[in-house]
Amino acid sequence: SVMAEPTYVDIKRDFEWDRREMFNFSGDVIDRWAMEDPDKRAMLWVDDSGEVIERTFKEISITSKKLCNVLRESNIRRNDTILLVMGRNIEWWETFTASLRMGAVISPGTTQLSAKDLEYRISASGATCVVTDQQNTSKFDEILQKCPTIRAKLVIGGPVDGWTDFSAEVNKASAEFDTAKTRSDETALCYFTSGTTGFPKMCMHSHSYGLAHLTTGRYWLDLKPGDIHWNISDTGWAKAAWSSYFGPWNCGATLFVHHSNGFNAEDTLRMLETYPITTMCGAPTIYRMLVLEDLNKYKFDSLRHCVGAGEPLNPEVIEIWKRGTGLVISDGYGQTETVILCGNFRGIEPRYGSMGKPAPGIDLKIVNQQGEILNHGEEGDIAVRVSPQRPLGLFQEYKSDPDKTAVAFRGDWYLTGDRGYEDDAGYFWFVSRADDVILSSGYRIGPFEVESALIEHPDVAESAVVSSPDETRGELVKAFVVLAPGRKATDELANELQSHVKSVTAPYKYPRRIEFVDALPKTVSGKIRRIDLREREWQRDKR
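Residues numbered from 1 in each chain as written. Predicted model: local features only at pLDDT ≥ 70, side-chain atom pairs only at ≥ 80, totals over all residues. Heavy atoms only, no water.

Q: Describe the packing of helix α5 (residues 115–125) against helix α6 (residues 134–143), with residues and values.
A: Helix-helix packing is described using two parameters, namely the angle between the two axes and the distance between the axes. Across the interface, α5 lies against α6 with an axial gap of 9 Å and an inter-helix angle of 65°. Handedness of the α5/α6 crossing: right-handed. Listed contacts from α6 to Ala115, Leu118, Glu119 and Ile122 of α5 are Lys139, Phe140, Glu142 and Ile143. Residues that form the contact of α5 with α6 fall into these classes: five nonpolar, no polar and three charged. (Axes fitted to C-alpha atoms, helices over the stretch in contact; angles between N-to-C directions. Helix = DSSP H or I, 4+ residues; strand = E, 2+ residues; numbered from the N terminus. Left-handed = near helix turned anticlockwise from the far one by under 90°. Contact = heavy atoms within 4.5 Å. Nonpolar A, V, L, I, M, F, W, Y, C, P; charged D, E, K, R; others polar.)

Q: Before we move on, can you summarise the state of the cysteines with the specific residues and values?
A: Enumeration according to the criterion identifies zero disulfides in this entry. Free cysteine Cys68: the closest other cysteine sulfur is in Cys129, separated by 11 Å. Residue classification places Cys68 among the buried residues on the basis of a relative accessible area of 0%. Cys281 provides the cysteine sulfur closest to Cys306, a residue in no disulfide bond, and the two sulfurs are 9.6 Å apart. Classification of Cys306 by relative accessible area gives buried; the value is 0%. (Disulfide = S-S within 2.5 Å. Buried < 20%, exposed > 50% of the residue type's maximum accessible area, 1.4 Å probe, protein only.)

Q: Report on the side chain of His500, specifying residues and quantitative values.
A: Relative to the elements of secondary structure, His500 occurs in helix α16 (residues 491–504). Among all residues touching His500, those that are not within four sequence positions of it are Ala453, Leu454, Glu456 and His457.

Q: Any details on the side chain of Ser244? Residues and values, ideally.
A: Within the fold, Ser244 resides in helix α10 (residues 238–250). Only 2.8 Å separates the side chain of Ser244 from the side chain of Asn231, close enough to count as a polar contact. If we skip the residues at most four places from it in the chain, Ser244 touches Trp93, Asn231, Lys239 and Leu255. (Polar contact = N/O pair within 3.5 Å; in protein donor to acceptor, adjacent residues only side chain to side chain.)

Q: Provide a residue-level description of the pairing of strand β18 (residues 380–385), including the pertinent values.
A: Of all six residues that make up β18, five are buried, and the element is covered over most of its length. Pairing of strand β17 (residues 364–367) with β18, which is carried by four bridges, proceeds in the antiparallel orientation. When the sheet's bridge partners are listed, Ile366 is paired in β18 with Ile382. Note that β18 and strand β21 (residues 413–422) share five bridges and pair antiparallel. From the neighbouring strand, Val384 faces β21, where its bridge partner is Tyr414. (Pairing = 2+ DSSP bridges.)

These figures capture arrangement, not role.
What follows is the structure, given as structure tokens:
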């Protein structure tokens, strides 16, 4: 008899976190796959020139051990912080693995960081080592004399004056290295995460974070050995830890990596057609660009599962993608501070635009100011129960910032800083970041709903909706709109968009002001920075 697949309800009910005392991802996961099958493929890497490189788990394991020896010879020790700044180069995965293996703390950053950003990160984290590519060495050279903690600097891609040549040294090094015996609760990662105010906070994760991403890989990405997973994400974003490292490799899946300078929708669709990619993950901004193309021109023979994360996915985009590919994008929700918290898991009937249902191992609720659970349909703070026991994968603290750490907890709850509600069927719906809510004439308006209404109009490629000051209403809804290629910005079109929003959503939500722009400000990970636009609006009022 064929065993029935366990349902979401079964998995959620029976799930227990693996609370082992000792854990090291490099030793316990990567080396385990390497021993089980020396030919097991960990990575399929391509670049824009058409070069294709494959890496087995065994090769990643060996190179990471060699790199550990290079770092040790450079006087880098357990618990040191290593700043890792490069694109989707294979060395990024090798360095990440080596750092975990030796018990150092890895702090990934994007290549878009400025010299000043890098100086801030080094001094805040006390980093002793930087690993970067040739293009970025000059930024470091500008500031390193002001960073006395740095003892080692490695460069990939060939020699640079004053830098240790990564590949030359790794090639010479011994492959004998004893993996550090790390406790699950020892610190392993330092992610810098932008708040709505002030400098980025240092979000610290323990070694058990890698173990906890089993739920991300198994239940949300739906991965098994033999899958080829493409996560279209910058390496500097925590999403890369989620879906370009821990999630897939926990499951023994192969990572597809496209090393390129920018994002190109046509190239992306061509890759999905050319390579046997089975699952993909992208931020909503990526799907919004893909659906502007003619999806009927492509055949996606291997693709079976798509997920989106980073911000809510507009129902219209899910609909067009489904028409073009036959696949429903499974929205998922989590943060730099967490593993997957909520998602459209297998066996849950998707409700377009919803975040889905709580992940296995996560007790997710909507709470009020007093930390009391609200009724279905009532909007409040999206929170995770942390008592009597914290779920695995929750950050340890914001380093050197006990105040911000304390603010993130209320009684038995970790507060995500997002607002939403739970419907009668147990689906969660995102309303907004706690500080993006627009209050107009006593109405609370979440920007996402207005943006979703706008994107249904054929002339709109993307939009960002923020509050704008108004004497009578206090705040008005203002939309910044990026038009689809070839469309012209006119007053008539602005009026048409306003009528359109009134017709598809509650009329009080329509944008009373529309400004056409060429591009929207975004974070490195592709999330729209509404705060930049909102601040501009409110500054303008003061002038």
